[in-house]
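# An overview of the molecular structure
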Amino acid sequence: MNGQPTWLLIDDDEAFVQVLQRSLKRQNIEAKCALNRLEAIAALESQAFHRCVLDLNLAGESGLQLLPELLALQPELEVLVLTGYGSIATAVEAMRRGAVNYLCKPVTLSQLTAGFSPLDGPPATREEPPSVEEMEWEHIQRVLNEHDGNVSSTARALNMHRRTLQRKLQKHSRWRNQ
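First things first, this report covers the structure right here in the doc. Along every chain, residues carry numbers that run from 1 in the direction the sequence is written. Where totals are concerned, whole chains, interfaces and linings use all residues; where local detail is concerned, this predicted model gives features only for residues with pLDDT of at least 70, and gives and counts side-chain atom pairs only at 80 or more. Where side-chain values are given, they derive from all heavy atoms of the structure, hydrogens and water being excluded.

On to helix α6 (residues 132-146), then. Put simply, DSSP H or I for four residues or longer makes a helix, DSSP E for two residues or longer makes a strand, and each gets a number counted from the N terminus. Working rule for helices: expected span equals 1.5 Å times residues minus one. The terminal C-alpha atoms of α6, which comprises 15 residues, lie 21 Å apart, in line with the 21 Å expected from a rise of 1.5 Å per residue. Only protein chains enter the accessibility calculation, which uses a 1.4 Å probe. A residue is then buried if its area is under 20% of the maximum for its type, exposed if over 50%, and partly exposed in between. All buried positions along α6 are accounted for by Trp137, Glu138, Ile140, Gln141, Val143 and Leu144.

To continue, consider the sheet that holds strand β7 (residues 101-104). A pair of strands is labelled paired if DSSP reports no fewer than 2 bridges between them. As summarised here, the arrangement of the 5 strands in space is β2-β1-β3-β6-β7, forming an open sheet in which the pairing is parallel. Taken across any chain shown, the strands that pair with only one partner, and hence form the sheet edges, are β2 (30-34) and β7. Going across the sheet, the axis of each strand differs from the next one's by a mean of 20°, ignoring polarity. Here strand β1 (residues 6-10) runs beside strand β3 (residues 51-55); their pairing, made up of 4 bridges, is parallel. Bridging across to β3, Trp7 finds its partner in Arg51. Helix α3 (residues 63-73) contacts β1, β3 and β6 (78-83) of the sheet and is inclined by roughly 160° relative to β3. Note on method: axes are straight lines fitted to C-alpha atoms, helices fitted across the in-contact stretch only, with angles between N-to-C directions ranging 0 to 180 degrees. Should any heavy atoms of two residues lie within 4.5 Å, those residues are considered in contact.

By the secondary structure assignment, Thr6 is in strand β1. Judged by relative accessible area, Thr6 falls into the buried class, the value being 4%. Each residue touching Thr6, except ones within four places of it in the same chain, is listed here: Glu30, Gln47, Ala48, Phe49, His50 and Arg51.

One side-chain nitrogen of Lys or Arg within 4 Å of one carboxyl oxygen of Asp or Glu is enough to make a salt bridge. Applying the stated criterion across every chain, the model contains 4 salt bridges. In this structure, the salt-bridge partner of Glu69 is Arg37, at a minimum N-O distance of 2.7 Å. Here Arg37 lies in helix α2 (residues 37-46) and Glu69 lies in helix α3, a separation of 32 residues in the sequence. Ionic pairing is found between Glu93 and Arg97, a salt bridge with its closest N-O pair at 2.7 Å.

In structure tokens, the structure reads:
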């Protein structure tokens, strides 16, 4: 790889990746866009990249499924997962699969570039244990992720009525937005 940073932007939102590509160009960062898995694989097979911004949802395909493929082709690639639907469960899974960071949209260019920077020391730990509600929410998110966001199959796996699960998801959504 040469000294010039080169990024691969993988997102099915063509307008978003084009705007991001132009913004990076103004920062002297070359970026190539891929709108789906096949374009991303082809780009990685033809060129070396320093960094990659990977959308979690690629027109129905999971960016988490693509992540190990990207790293298999270019093990030194730094991959940042970007999503409009963040949860701790998917963030943990993205990191487990090799992402350097996980950010929720919308993000500014400075937030995105800072997302690739190493953290200053280890993350702070909580002194008190999580509440029962927080543990329940994390468990729901983990099972929801395992079922690719399907509420009906998640409710069955949790032995819970689908409507009850929907109410819990809505309640937590309102609580987080306050």
